[in-house]
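One letter stands for each residue in the lines below.
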Amino acid sequence: ASFWRRIDLHNHTPGSHDYEQPDMGYLDILRQAEVRGLDIIAFTDHNTANGYKNLQREIADLELLERLGRIRPDELGRLTEYRRLLAKILVLPGFEFTATFGFHILGIFPPTKPIREIEHVLLELRVPSKVIDAGLTEAGATSDVLMAYRAIDDAGGLAIAAHANSSAGVSMRNLNLGGQTRIAFTQDPHLHAIEFTDLDKGRYSSGRLFTAIRPEYPRRMHLLQGSDSHRVIADPKNEKRLGVGDRVTEVWLEEVSFDALKRLLLSHEFD
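The structure displayed is predicted, hence computed values, not measured ones.

Caption draft 1: Molecular detail of the overall build of the protein. Helices and strands together make up the secondary structure of the protein, namely eight helices and eight strands. By residue count, 52% of the 271 residues in the protein fall in the buried class. Once local pairs closer than 6 in sequence are excluded, the contacts in the protein between residues at least 24 apart make up 71%. As displayed, the protein offers around 12,900 Å² of accessible surface, 52% of which is attributable to carbon and sulfur atoms.

See the structure below:
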């Protein structure tokens, strides 16, 4: 049976250099995802898969201590909490790639995809190793947007244009690109969805362009919103600095899995 599922596919972790709450860990992120009622979240750190790798490493270390019979009560508490949360919430590995001209593209992969293969995609897109290691936003002369869509798609991932209507987005206003390039950035067959930050504005949302109402944008696109969280809980002093699950998308899925999500984004189910 299908149900509405709440997803947030754009979250940063301590794996990104500009994470705003380094004292909050991966367990805090998962707990907040639970509070927000999320079914699927993705870790999309800047030009790195380190967030997901660090999560896996922390759990593996705790499991080793458990097997050796050397785990302390507080560590066992953490491990038990990780197991409980990961049984409820699907966490997908991914990255936020900085393409040439500074455009941001999300690449999101199945949880079975080895981290090394995800890092290989970043290396293929000309992200320097030191940028991958540090999770830096600035990545220098990397590959272009269309190469990124193709590389992510070819590697079995979901390619999503990040915050397309705002800065570093592929369809922000006042973008001095040729019309054909601009159209290709949102109509490319390797692109699975476009993320907007103003979908709550209804017919005033820039996402309306991509509902096939204009002849130059003939391909109707799946439109998503994500938090782009750089912290666990929104900044009380700046409402634009969102926390985990502060901007979600509800999707109709028959099961909570990467494959079901990909099938939906490849489908023509737009309602």
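Caption draft 2: The arrangement of the sheet that holds strand β8 (residues 249–253) in detail. Taken in spatial order, the eight strands make up an open sheet running β7-β6-β5-β4-β3-β2-β1-β8, and their pairing is mixed. Where the open sheet ends on each side, the last strands, each with one partner, are β7 (223–224) and β8. Lying on the sheet, helix α6 (residues 145–154) is in contact with β3 (90–98), β4 (104–108) and β5 (158–161); it crosses β4 at an angle near 5 degrees.

Caption draft 3: Structural context of the nonpolar core. Judged by nonpolar contacts, the single largest core of 53 residues is most densely connected at Ile 41, Phe 97, Tyr 149 and Val 170. The residues contacting Ile 41, other than those within four sequence positions of it, are Asp 8, Asn 11, Ile 29, Leu 30, Ala 33, Ile 89, Leu 90, Val 91 and Leu 92. With 20 residues, the next largest nonpolar core counts Leu 92, Ala 193, Phe 258 and Leu 265 among its residues.

Caption draft 4: Fine view of the pattern of salt bridges. With the rule as written, the count across this model stands at 16 salt bridges. The residue Arg 263 makes a salt bridge to Glu 254 at a minimum N-O spacing of 2.6 Å. For Arg 263, a relative accessible area of 43% translates into the label partly exposed.

Caption draft 5: View of the packing of aromatic side chains. Scanning the model with the defined rule gives five aromatic pairs in all. For the pair Trp 4 and Trp 252, a centre-to-centre distance of 5.2 Å together with 65 degrees between the ring planes defines the contact as edge-to-face. Taken as a pair, Trp 4 in strand β1 (residues 3–11) and Trp 252 in strand β8 lie far apart in primary sequence, 248 residues in all. Taking relative accessible area as the criterion, Trp 252 reaches 46% and is therefore assigned partly exposed. Geometrically, the ring pair formed by Phe 101 and Phe 103 is edge-to-face, given 6.5 Å between the ring centres and 70 degrees between the ring planes. Through successive ring pairs, a cluster of aromatic residues spans Phe 101, Phe 103 and Phe 185.

Caption draft 6: Fine view of the environment of Gly 245. Turning to its location among the elements, Gly 245 is positioned in the loop between β7 and β8. The class for Gly 245 is buried, based on a relative accessible area of 4%. Ignoring sequence-local partners within four residues, the contact set of Gly 245 consists of Asp 8, Asn 11, Arg 36, Leu 38 and Ser 227.

Caption draft 7: Representation of the side chain of Asp 39 in the model. Take Asp 39: it is sitting in the loop between α1 (26–35) and β2 (40–46). Buried and unpaired, Asp 39 has Arg 5 as its nearest opposite-charge partner, separated by 4.6 Å. Setting aside residues up to four positions removed in sequence, Asp 39 forms contacts with Trp 4, Arg 5, Arg 6, Lys 88, Ile 89, Leu 90 and Val 256.

Caption draft 8: Structural view of empty space enclosed by the protein. Enumeration according to the criterion identifies one cavity of 30 Å³ or more in this entry. Approximately 50 Å³ is the volume attributed to the largest cavity. Grouping the constituent residues of the lining of the largest cavity by class yields five nonpolar, four polar and one charged.

Caption draft 9: Layout of the environment of Leu 85. As for its placement among the helices and strands, Leu 85 is situated in helix α3 (residues 73–88). Along the sequence, Leu 85 and Ala 33 sit 52 residues apart, while their C-alpha atoms lie 9.0 Å from each other. Not counting residues up to four positions away in its chain, the partners in contact with Leu 85 are Leu 27, Leu 30, Arg 31 and Glu 34.

Caption draft 10: Region of the structure containing the pairing of β8. The alternating pattern of β8 places Thr 249, Val 251 and Leu 253 on a buried face and Glu 250 and Trp 252 on a face that is not buried. One ladder, built from five bridges, connects β1 with β8; its direction is antiparallel. What sits directly across from Ile 7, in β8, is Thr 249.

Reading the values: the criteria
- Residues numbered from 1 in each chain as written.
- Predicted model: local features only at pLDDT ≥ 70, side-chain atom pairs only at ≥ 80, totals over all residues.
- Heavy atoms only, no water.
- Helix = DSSP H or I, 4+ residues; strand = E, 2+ residues; numbered from the N terminus.
- Buried < 20%, exposed > 50% of the residue type's maximum accessible area, 1.4 Å probe, protein only.
- Contact = heavy atoms within 4.5 Å.
- Areas by Shrake-Rupley, 256 points an atom, 1.4 Å probe, with all protein chains shown as cover.
- Pairing = 2+ DSSP bridges.
- Axes fitted to C-alpha atoms, helices over the stretch in contact; angles between N-to-C directions.
- Core = buried A, V, L, I, M, F, W, Y, C linked by side-chain atoms within 4.5 Å.
- Salt bridge = Lys/Arg side-chain N within 4 Å of Asp/Glu carboxyl O.
- Phe/Tyr/Trp six-rings, centres within 6.5 Å; stacked < 30°, edge-to-face > 60°.
- Lys, Arg positive; Asp, Glu negative; His and termini not counted.
- 1 Å grid on protein atoms, 1.4 Å probe; cavity = no way out; pocket = protein on both sides within 12 Å on 5 of 7 lines; lining within 4 Å.
- Points joined across faces, edges and corners; volume = space filled by probe spheres on them.
- Nonpolar A, V, L, I, M, F, W, Y, C, P; charged D, E, K, R; others polar.

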